[in-house]
Amino acid sequence: MNSTPSRISFHDFKPDTGSFCEDVLNGLAQPQKELPPKYFYDPRGCELFEAICELPEYYLTRTETAMMQRLAPEMARCLGEGCVLVEYGSGNSRKTRILLEALRPPVYMPIDIAGDQLRATAAELGQVFPRLEVVAVCADYTRSLSFPEWKSGDVRRTVVYFPGSTIGNLTQAEALAFLRNTVSLVGDGGAMLVGVDLKKDRKVLDAAYDDARGVTAEFNLNLLRRINRELGADFDPARFRHRAFYSEEWSRIEMHLVSVGAQRVSVAGRRFDFRDGETIHTENSCKYSVAEFRELARQAGFRSAQTWTDADHLFSVHYLECLRVSP
Ligand SMILES: C[S@@+](CC[C@H](N)C(=O)[O-])C[C@H]1O[C@@H](n2cnc3c(N)ncnc32)[C@H](O)[C@@H]1O
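Residues numbered from 1 in each chain as written. Predicted model: local features only at pLDDT ≥ 70, side-chain atom pairs only at ≥ 80, totals over all residues.

## Here we look at the overall build of the protein chain
No. 1: The helix and strand inventory of the protein chain stands at nine helices and 14 strands.
No. 2: The C-alpha atoms of the protein chain give 20 Å as radius of gyration, which agrees with the globular expectation for 327 residues (20 Å, within 12%).
No. 3: For the protein chain, contacts bridging at least 24 residues in sequence account for 71% of all contacts bridging at least 6. (Helix = DSSP H or I, 4+ residues; strand = E, 2+ residues; numbered from the N terminus. Rg over C-alpha atoms; globule rule 2.2 N^0.38 Å. Contact = placed C-beta atoms within 7 Å.)

## A word on the nonpolar core
Nonpolar side chains tend to gather and get buried jointly when the protein is soluble and globular.
No. 1: L85, M109, V159 and M192 are the most contacted members of the largest nonpolar core, which has 84 residues in total.
No. 2: The element contributing the most residues to this core is helix α8 (residues 215-231), with six residues.
No. 3: The contacts of L85, once residues within four sequence positions are left out, are L103, P105, Y108, M109, V159 and Y161. (Core = buried A, V, L, I, M, F, W, Y, C linked by C-beta atoms within 7 Å. Buried ≥ 20, exposed ≤ 12 C-beta atoms within 10 Å, placed from the backbone.)

## Notes on the domain arrangement of the protein chain
No. 1: Along its sequence, the protein chain is carved into domain 1 (32-39 + 202-286) and domain 2 (55-200 + 288-322).
No. 2: On a C-alpha basis, the centres of domain 1 and domain 2 stand 28 Å from each other.
No. 3: Contacts between the two partners involve 14 residues from domain 1, matched on the other side by 14 residues from domain 2.
No. 4: Of all the elements in the fold, those that place two or more residues in the side of domain 1 that touches domain 2 are α7 (202-208) and β12 (279-286).
No. 5: Of the residues belonging to the side of domain 1 that touches domain 2, the class tally is seven nonpolar, three polar and four charged. (Domains from an automatic or database assignment. Nonpolar A, V, L, I, M, F, W, Y, C, P; charged D, E, K, R; others polar.)

## Overview of the sheet that holds strand β9 (residues 252-259)
The pairing of strands in a sheet happens through backbone hydrogen bonds and is either parallel or antiparallel.
No. 1: Ordered in space as β2-β12-β9-β8, the four strands form an open sheet in which the pairing is mixed. Strand pairing shows two members of the sheet lacking a second neighbour, β2 (33-34) and β8 (240-247), which therefore form its edges.
No. 2: Pairing of β2 with β12, which is carried by two bridges, proceeds in the parallel orientation. Its bridge partner lying in β12, K33 is registered against I280. (Pairing = 2+ DSSP bridges.)

## A few points about unusual backbone geometry
No. 1: A positive phi angle, close to 55°, is found at S165, a residue other than glycine.
No. 2: One can find S165 in the loop between β6 (157-162) and α6 (172-186).
No. 3: If you check the backbone angles, H313 has positive phi at about 60° while not being a glycine.
No. 4: In this structure, H313 sits in the loop between β13 (302-309) and β14 (315-322).
No. 5: Overall, H313 belongs to the partly exposed group, with 13 C-beta atoms counted inside 10 Å.

## Let's talk about the environment of N26
No. 1: Inspection of the secondary structure assignment puts N26 in helix α1 (residues 17-28).
No. 2: Residue class for N26 comes out exposed when judged on the 12 C-beta atoms lying within 10 Å of it.
No. 3: Placed 127 residues apart in sequence, N26 and G153 show a C-alpha to C-alpha distance of 44 Å.

Structure representation (structure tokens):
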């Protein structure tokens, strides 16, 4: 894989096509049709997400990256020496490199459902950080997961890194359950560093998820192409359009695919009827105030030890410490 292969391992627990099919059939059978956002990330979806990160409207990546560049040394001091840095939804690990540079942990464990990108990223990181042990895990982090073993002995604590406001893809109830699960995974003395997008003017939010060039629309529609290819479906992407809007009621951006005209679609031998204008709900992106997210973390069993925001108050990064006491 690279010049120091023994320091890189790859563990494949990727959901199989059967689970993908089951999730899609189940989602399309709901009264409000829905599809889980984790399936956006086939190789084309990963490419489109990278293009989204470069868009002028998509302030999230730019803002969080600038925060990491400014604050990584301070964050590294909070995290301390000798941690296993576990990252959920690591993607291309670009922001993580800034943290790895400042933190120099013995072990980095990126966890992502997108196997090809994960494998390539792990190999690159092995070149850039030859002393780092990279334990790459291809898995769905919303399912029960136990961390594979690592070889390095000089480890003092486990820290979960969850940037990109990917936690916003979970509903608030799901996020609470997810944070509780993270508390048990990191255990006593463990911690979490999590990037959370903040509530703001809805025009800024709407534009970030419905850009002028239509890249986010393409990202959303790519899910139908993936289902066609992998599950033998016959969606006509030209007969669906992208819709994204901020819901004040739920404090979240919702992304939908809207049926243009009445139509019938077949997926893995099952038929689904769409009324004109009926939607498939494909993604949530929940927004929080700093106080709301701290409260959620507290309910999950974390102590909010430090929060950083950018000067324009667009984005926040929370350092949370585990309060759990051993029985
Ligand atoms: C919004 S992107 C963020 C990528 C990167 N962390 C960043 O901040 O730019 C979400 C990432 O999480 C991964 N992902 C989404 N849902 C997942 C799941 N349920 N299990 C594992 N990975 C998931 C995707 O493949 C993608 O790489």
